[in-house]
Amino acid sequence: MTVEADVVIVGGGLHGCSAALHLAQRGRRVVVLERRHVGRHSSGINAGGVRTMNRDPAEIGLSVAGMELWRRIGELTGDDCAFHAHGQIRVAETPAELAKVAERVAMVRRLGFEHEELIERDELRRLVPAIAPHCVGGLIVRDDGAADPYRTTLAFGRRAAALGAEVREGEGLVALERAGADWLAVGEHGRYRAPIVVNAAGAWAGDVAAMVGDAVDLRVRASMMMVTERMPRFLDPVIASVGRKLSFKQSDAGTVVIGGGQQGTADRHTEKTRINFANLAGSARAAIALFPLMQGARLVRSWCGIEAETVDHLPVLGRSLAADGIIHSFGYSGHGFQLGPICGSVVADLAIHGATNLPIAGLGLERFAAQAANGKAAGIGH
C-alpha cells in the first residue's frame, strides 16, 4: 500500500521536524521518514547555541527573523525547550582582536542590523566576573542564548505529530522516483507518494540530492563536545572567543558544556564517530585560558556527532535546480540549530506558495555554479 501525502520529508532532525510542524500547522498532510529516531545525529547532540551573533552576511537576516520564533518557542512547540536568553559574548583577548570586533559591528550596521554590540573590558567583567583578567572586551548580542538541542528537536517532532504529521522512525529512504506529477519515495518498509519532497537528510542529504539530479559537494564534520561535573554558579551568557575555537556555557544544573568546533572523525556510512583527544585537549586549554577557575575541573563525558558541511559553510535552502517538487534544507555546517525554527517556515512557504518573503537569497544551490564560474573555492568562516 502506498501512503499518500502532500509533502514527504526525508530526515527527522530539527530541520525536518520544524518543516513538518509548519506544514502541518497550515493543514498539509505530512510524512517524515527518519532512518533511526528523531534527533539521532547532530540535531540532538550539538551545543544548543541560539546565536544571531557573528553570522555570515548571507544568514544575518534569516537568523534575526528566527529569533522571533525562539521568543515564543513554548507557544510554537508546547515546550520551552530550556531556552534561556542570557546573551552570547565573543571575547577579545587583545586590542587587535577588539579592533576586529569593531570592524564587525560597523559592517553589520552597514547592512542595516543593530543586534551586535561592542563592549569594553569593564562591561565584559561586569557580565562575566570569572573571565581572565587579560581579556579586553568583546562582541555581544544581549538576547541570544541557548536551549537543549535534543529536547527542542523532540518538541518540534511531537507538536508536528499532534497536528497530524506522521513521523515514521526506522524508515530509511531507498529510492526516490517520479510517479507522474508526483514523487514516489521508496522506504525500507513502505512507499510514500507526494507532489513535494523535502530533503532534510543532514549528512546524507547529498545522496538524496543525487537521486533527483542535483550535484552538491557535501562533506561531514564531527564537532566535539565535553561536559564537566557540576560547579558552583559562575556564568550566565554563552561565551565564544575571537581568537580560539571555543563555545562555553554553564547549564542550569551547574555543569559546564565546552565545544567550539574542534573536530573528531566521522564515517557517515557506518554512522560512527571517534573522539580526537589531542583536539579535545585544545578545547580544554582554550577554556582554561579564558576561565582560570576551570583549571582542575573534572570532565565527565565527551562526544561528537555527524553533520553536513558545505564548501562555503552556508546551508543549502531552496528549490532543486534539477527537478520540480524537491526542496532542499541541509548543509548547516555546524551552526544550524538557531535557524531550525525559521527554516521550517521557509520550507513550508516554498512547498505551499513556491516562494517565501523570508531572506534566503544566496543560500540556494545556484550559488555553487556562480562560485565555480568566478573561480572561487568559497570559505567564509563562522
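Definitions and limits used
- Sequence order as written defines residue numbering, which begins from 1 separately in each chain.
- pLDDT decides what is reported in this predicted model: residues at 70 or higher carry local features, side-chain atom pairs at 80 or more are listed and counted, and totals for whole chains, interfaces and linings draw on all residues regardless.
- Just so you know, side-chain values use all the structure's heavy atoms and leave hydrogens and water out.
- What is meant by a nonpolar core is a set of buried Ala, Val, Leu, Ile, Met, Phe, Trp, Tyr and Cys residues, joined one to another through side-chain atoms within 4.5 Å.
- Throughout this description, buried means an accessible area under 20% of the type-specific maximum (1.4 Å probe, protein chains only), exposed means over 50%, and partly exposed covers the range between.
- Contact definition: two residues touch when any of their heavy atoms are within 4.5 Å.
- If DSSP finds at least two bridges between two strands, the strands pair.
- Helix and strand assignments come from DSSP, with helices taken as H or I runs of at least 4 residues and strands as E runs of at least 2, each series counted from the N terminus.
- All axes here are fitted lines through C-alpha atoms, helices being fitted over the stretch that makes contact, and every angle between N-to-C directions spans 0 to 180 degrees.
- Any Lys or Arg side-chain nitrogen found within 4 Å of a carboxyl oxygen on Asp or Glu counts as a salt bridge.
- The source of the domain bounds is an automatic or database domain assignment.
- Accessible surface is computed with a 1.4 Å probe, and the buried area is the amount of it that two parts give up when combined, taken over both parts together.
- Here a pair means two rings of Phe, Tyr or Trp (six-membered ring of Trp) with centres within 6.5 Å. Their orientation is stacked below 30 degrees between planes, edge-to-face above 60, and tilted elsewhere.

As recorded in an unreviewed UniProt entry, the chain goes by the name Sarcosine oxidase subunit beta, listed as coming from Stella humosa.

Asker: Please give an account of the nonpolar core that cites residues and values.
Answerer: Within the largest apolar cluster, 44 residues are counted, with the highest numbers of intra-cluster contacts made by Ile9, Leu62, Trp70, Val198 and Leu317. Residues within four places of Ile9 in sequence aside, it is in contact with Gly16, Ala19, Ala20, Leu23, Val30, Val31, Val32, Leu33, Val198 and Ala200. Listed in part, the 30 residues of the second largest apolar core include Tyr192, Ala194, Ala308 and Leu365.

Asker: Please set out the sheet that holds strand S15 (residues 224-228) residue by residue, giving values where relevant.
Answerer: Judged by pairing direction, the sheet is mixed, and its 8 strands sit side by side in the order S6-S7-S5-S16-S17-S18-S15-S21 without closing on themselves. What marks the edges here is a single partner per strand, and that holds for strand S6 (117-120) and strand S21 (299-304). Adjacent strand axes in the sheet meet at a mean angle of 20°, parallel and antiparallel pairs treated alike. Direction of pairing for S6 relative to strand S7 (residues 137-141): antiparallel, over a ladder of 4 bridges. Within S7, the residue paired with Leu118 across the bridge is Leu139. Across the sheet, helix H5 (residues 95-110) lies against strand S5 (88-92), S6 and S7, angled at about 150° from S6, the strand it touches most. Across the sheet, helix H9 (residues 277-290) is in contact with S5, S15, strand S16 (238-241), strand S17 (247-250), strand S18 (256-259) and S21; its angle to S15 comes to roughly 50°.

Asker: Now, about the sheet that holds strand S3 (residues 30-34): what can you tell me, with residues and values included?
Answerer: In space, the 6 strands of this open sheet follow the order S9-S3-S2-S13-S24-S23, with mixed pairing throughout. Strands with a single pairing partner mark the edges of an open sheet, and in this sheet they are strand S9 (166-169) and strand S23 (316-319). Each strand of the sheet is rotated relative to its neighbour by a mean of 15°, with strand direction disregarded. Here S23 runs beside strand S24 (residues 326-330); their pairing, made up of 4 bridges, is antiparallel. Directly across from Arg319, in S24, lies its bridge partner Ile327.

Asker: Explain the pattern of salt bridges to me, and be specific about the residues and the numbers.
Answerer: Side-chain pairs of opposite charge can arise whenever the charged atoms involved come near each other. Taken as a whole and assessed by the stated rule, the structure comprises 25 salt bridges. Of the charged contacts, one joins Glu75 and Arg72 as a salt bridge, the two residues approaching to 4.0 Å between their closest N and O atoms. With a relative accessible area of 31%, Arg72 lands in the partly exposed category. Residue Asp79 pairs with Arg151 through a salt bridge whose shortest N-O separation is 2.9 Å. Taken together, the residues Asp79 in the loop between helix H4 (73-77) and S5 and Arg151 in helix H7 (residues 149-162) connect sequence positions 72 residues apart. Accessibility expressed as a relative area gives 14% for Asp79, which makes it buried. If you follow the salt bridges from partner to partner, you end up with Asp79, Asp80, Arg151 and Arg158 in one network.

Asker: Talk me through the environment of Gly11; I want residue IDs and the actual numbers.
Answerer: Relative to the helices and strands, Gly11 is located in the loop between strand S2 (7-10) and helix H1 (14-25). Residue classification places Gly11 among the buried residues on the basis of a relative accessible area of 8%. Taking the C-alpha atoms as reference points, Gly11 and Ala322, 311 residues apart in sequence, are found 20 Å from one another. Discounting chain neighbours no more than four positions away, the residues touching Gly11 are Gly16, Val32, Leu33, Glu34, Ala200 and Ala201.

Asker: Tell me about the environment of Lys245, and please be specific about residues and values.
Answerer: Looking at the secondary structure, you find Lys245 in the loop between S16 and S17. In this structure, Lys245 is in contact with Gly259, Gly260, Gly261, Gln262 and Ala286, ignoring residues within four places of it in sequence.

Asker: Summarise the domain arrangement of the chain; cite the residues concerned and give the values.
Answerer: The domain architecture assigned to the chain consists of domain 1 (2-47 + 150-216 + 312-378) and domain 2 (83-145 + 219-308). Here the C-alpha centre of domain 2 lies 29 Å away from the C-alpha centre of domain 1. Listed as interface residues are 15 residues of domain 1 and, on the opposing side, 13 residues of domain 2. Around 1200 Å² of area is buried between domain 1 and domain 2 when both sides are counted, 48% of it from carbon and sulfur atoms. If you sort the residues of domain 1 by the area they bury against domain 2, Ile45, Ala47 and Ala203 come out on top, with a joint share of 38%.

Asker: Please provide a residue-by-residue account of the packing of aromatic side chains, values included.
Answerer: If you walk through the whole model with that rule in mind, you get 5 aromatic pairs. For the ring pair Trp70 and Phe83, a centre distance of 5.4 Å and an interplane angle of 45° mean the geometry is tilted. In this pair, Trp70 sits in helix H3 (residues 57-71) while Phe83 sits in the loop between H4 and S5, placing the two residues 13 residues apart along the sequence. For the pair Trp70 and Phe83, a shared accessibility class is recorded, and that class is buried. A ring pair is formed by Phe234 and Phe248, whose centres lie 6.2 Å apart and whose planes are at 55°; its orientation type is tilted. Taken together, the residues span a long stretch of sequence, with Phe234 in the loop between S15 and S16 and Phe248 in strand S17 at a distance of 14 residues.

Asker: Just give me the short version of the pairing of S5, but keep the residues and values in it.
Answerer: Counting buried positions along S5 gives 5 out of 5 residues, so the element sits mostly inside the fold. Because side chains alternate across S5, one face comprises the buried residues Gln88, Arg90 and Ala92, and the other comprises Ile89 and Val91, equally buried. The sheet contact formed by S5 and S7 spans 5 bridges and is antiparallel. Looking at S7, one finds that Val91 is bridged to Gly138. The pairing of S5 with S16 spans 4 bridges and is parallel. When the sheet's bridge partners are listed, Gln88 is paired in S16 with Val238.

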